[in-house]
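One letter stands for each residue in the lines below.
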Amino acid sequence: MVWVLLLLLAWAVAGAACTRLCLAAARAASVDANAGRGHDLTLYEAAFLSGGPGRVADLTMVSMARQRRLLLAHTGWATVVDPRGRDEMERSVIGAIGPEGQSPIAPVRAAAAAADAVGGLADRLVDAGLAVPDGARTTVAAGVRRVRVAAVVVLALGATALLLPAAPEMPRNLVALWFALPLALTLSCLATARVEAHPYSRWASPAGQRLLGALARHAGSAADERTYLTTVAVRGIRAVGEPDLRAAFAHRGQYGSYGYYGLYGRD
């Protein structure tokens with residue numbers, strides 16, 4: 001009865017993953033529905049909620065580059081033109097470049113993303129109920145990924161059970177039917193999460209996602225500088241229109257981890 005042991009393992013994997021997803025969804029739903037009401041997102045806040053610390057660093061460098069206060073070469077180097085930062089984020093970038101005024105973009109991005117300015121921004125967003133707290137790793141996004149993995153594991157265990165020598169008292173079609181039950185559980189959880197909680201976010205709480213959606217709608221089709229930077233904050237470097245500027249950031253993921261939440265370089 002090896003297939004029974006495999007079936008129990010399949011149920012354990014599926015049940016654990018689906019339970020964690022349900023708990024994450026319940027926590028997300030329990031966030032104060034009034035969180036963020038009357039709060040107008042800044043560009044830095046929108047960048048953090050959309051893509052985390054790295055997105056804030058990217059936005060800061062793009063903004064400075066478009067104002068000709070920072071030169072970003074397509075070779076992946078940053079050069080300071082104006083050493084006077086206009087806010088904490090810009091001063092973090094300039095400080096990360098160093099006294100020589102020139103540095104590869106990747107370590108600058110990593111250091112700026114790990115700076116106190118970004119940590120303070122994250123704390124303020126968490127306090128406002130707009131960002132997912134550091135350490136709350138069972139977010140809906142993480143839960144969905146676990147359920148997807150569980151579905152694959154259930155399929156693999158079912159296939160293994162079917163490849164074993166057939167038990168005389170249990171036809172193969174019944175074995176397959178038993179494994180279809182935990183698979184159906186995982187697929188139904190994924191479908192429910194898709195309807196109830198999509199889009200999944202690693203950084204923004206449900207209230208933060210609502211504000212991001214409103215920000216994207218209000219940006220409209222205007223072609224001013226703020227609208228451009230808002231698009232970069234929400235969509236990342238892929239929204240940058242200048243080929244040379246976009247090419248400069250192609251090197252940004254080549255430098256280890258960068259601070260808040262312990263994640264690696266990504267949009």
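Use the structure listed above.
Basis of the calculations
Residues numbered from 1 in each chain as written. Predicted model: local features only at pLDDT ≥ 70, side-chain atom pairs only at ≥ 80, totals over all residues. Heavy atoms only, no water. Phe/Tyr/Trp six-rings, centres within 6.5 Å; stacked < 30°, edge-to-face > 60°. Helix = DSSP H or I, 4+ residues; strand = E, 2+ residues; numbered from the N terminus. Buried < 20%, exposed > 50% of the residue type's maximum accessible area, 1.4 Å probe, protein only. Lys NZ or Arg CZ within 6 Å of the ring centre and 35° of its normal. Core = buried A, V, L, I, M, F, W, Y, C linked by side-chain atoms within 4.5 Å. Salt bridge = Lys/Arg side-chain N within 4 Å of Asp/Glu carboxyl O. Axes fitted to C-alpha atoms, helices over the stretch in contact; angles between N-to-C directions. Parallel < 35°, antiparallel > 145°, perpendicular 65-115°, else oblique. Left-handed = near helix turned anticlockwise from the far one by under 90°. Contact = heavy atoms within 4.5 Å. Nonpolar A, V, L, I, M, F, W, Y, C, P; charged D, E, K, R; others polar. Pairing = 2+ DSSP bridges.

## Structural notes on the packing of aromatic side chains
Part 1 of the reasoning: Tallied over the full model, the rule gives one aromatic pair.
Part 2 of the reasoning: Where phenylalanine 48 meets tryptophan 203, the ring centres are 5.6 Å apart and the plane angle is 65 degrees; that geometry is what we call edge-to-face. Taken together, the residues phenylalanine 48 in helix α2 (residues 43-51) and tryptophan 203 in the loop between α8 (172-197) and α9 (206-219) connect sequence positions 155 residues apart. Note on accessibility: phenylalanine 48 and tryptophan 203 belong to one class, buried.
Part 3 of the reasoning: One residue, arginine 66, lies across the ring of tyrosine 228, its end atom 3.7 Å from the ring centre.

## Side note on the nonpolar core
Part 1 of the reasoning: Phe48, Leu49, Leu70 and Leu72 are the most contacted members of the largest nonpolar core, which has 49 residues in total.
Part 2 of the reasoning: Considering every element that reaches this core, the biggest residue donor is helix α3 (residues 53-66), with seven residues.
Part 3 of the reasoning: Counting residues in hydrophobic clusters, the runner-up holds 13 residues, among them Trp3, Leu6, Ala10 and Ala14.

## Some remarks on the pattern of salt bridges
Part 1 of the reasoning: In total, this model carries five salt bridges according to the counting rule given.
Part 2 of the reasoning: The partner of arginine 109 in a salt bridge is aspartate 58, and the shortest N-O contact between them spans 2.7 Å. One end of the pair, arginine 109, is in helix α5 (residues 105-113); the other, aspartate 58, is in helix α3, with 51 residues separating them in the sequence.
Part 3 of the reasoning: Of the residues examined, arginine 109 reaches a relative accessible area of 1% and is grouped as buried.

## Notes on the packing of α3 against α5
Two numbers describe a pair of packed helices, the interaxial angle and the distance between the axes.
Part 1 of the reasoning: With their axes 8 Å apart at the nearest point, α3 and α5 run at an angle of 120 degrees to one another. The angle between α3 and α5 places the two elements in the oblique class. Like other packed secondary-structure pairs, α3 and α5 cross with a definite hand, here right-handed. Taken together, the residues of α5 that come into contact with α3 (itself represented by Pro53, Gly54, Arg55, Ala57, Asp58 and Met61) are Ile105, Val108, Arg109, Ala112 and Ala113.
Part 2 of the reasoning: The class makeup of the residues in the contact of α3 with α5 is seven nonpolar, one polar and three charged.

## Structural notes on the sheet that holds strand β2 (residues 77-80)
Part 1 of the reasoning: The three strands lie next to each other as β1-β2-β3, forming an open sheet whose pairing is antiparallel. The strands lining the two open edges of the sheet, one partner per strand, are β1 (70-72) and β3 (102-104). On average, each strand axis in the sheet is tilted by 20 degrees relative to the strand beside it, whichever way the strands run.
Part 2 of the reasoning: Bridge count between β1 and β2: three bridges; the pairing is antiparallel. Counted as the bridge partner of leucine 70 is valine 80 from β2.

## Some details on the environment of alanine 128
Part 1 of the reasoning: Relative to the assigned elements, alanine 128 resides in the loop between α6 (116-127) and α7 (140-163).
Part 2 of the reasoning: C-alpha of alanine 128 to C-alpha of alanine 207: the two residues are 79 residues apart in sequence and 9.4 Å apart in space.

## A closer look at helix α4 (residues 88-97)
Part 1 of the reasoning: Of the positions making up α4, those classed as buried are Met89, Glu90, Ser92, Val93, Ile94 and Ile97.
Part 2 of the reasoning: Glycine 98 occupies a position one or two residues after α4 and carries a positive phi of about 100 degrees.

## Remarks on the packing of α2 against α3
Part 1 of the reasoning: Between α2 and α3, the shortest axis-to-axis distance is 7 Å and the interhelical angle comes to 140 degrees. The pairing of α2 with α3 is recorded here as oblique in orientation. Every pair of crossing elements has a handedness; the one defined by α2 and α3 is right-handed. Contacts between α2 and α3 pair Leu43, Tyr44, Ala47, Phe48, Ser50 and Gly51 from the former with Pro53, Gly54, Arg55, Val56, Leu59 and Thr60 from the latter.
Part 2 of the reasoning: Its residues assigned to classes, the contact of α2 with α3 shows seven nonpolar, four polar and one charged.

Function-wise, these values are silent; they only describe arrangement.
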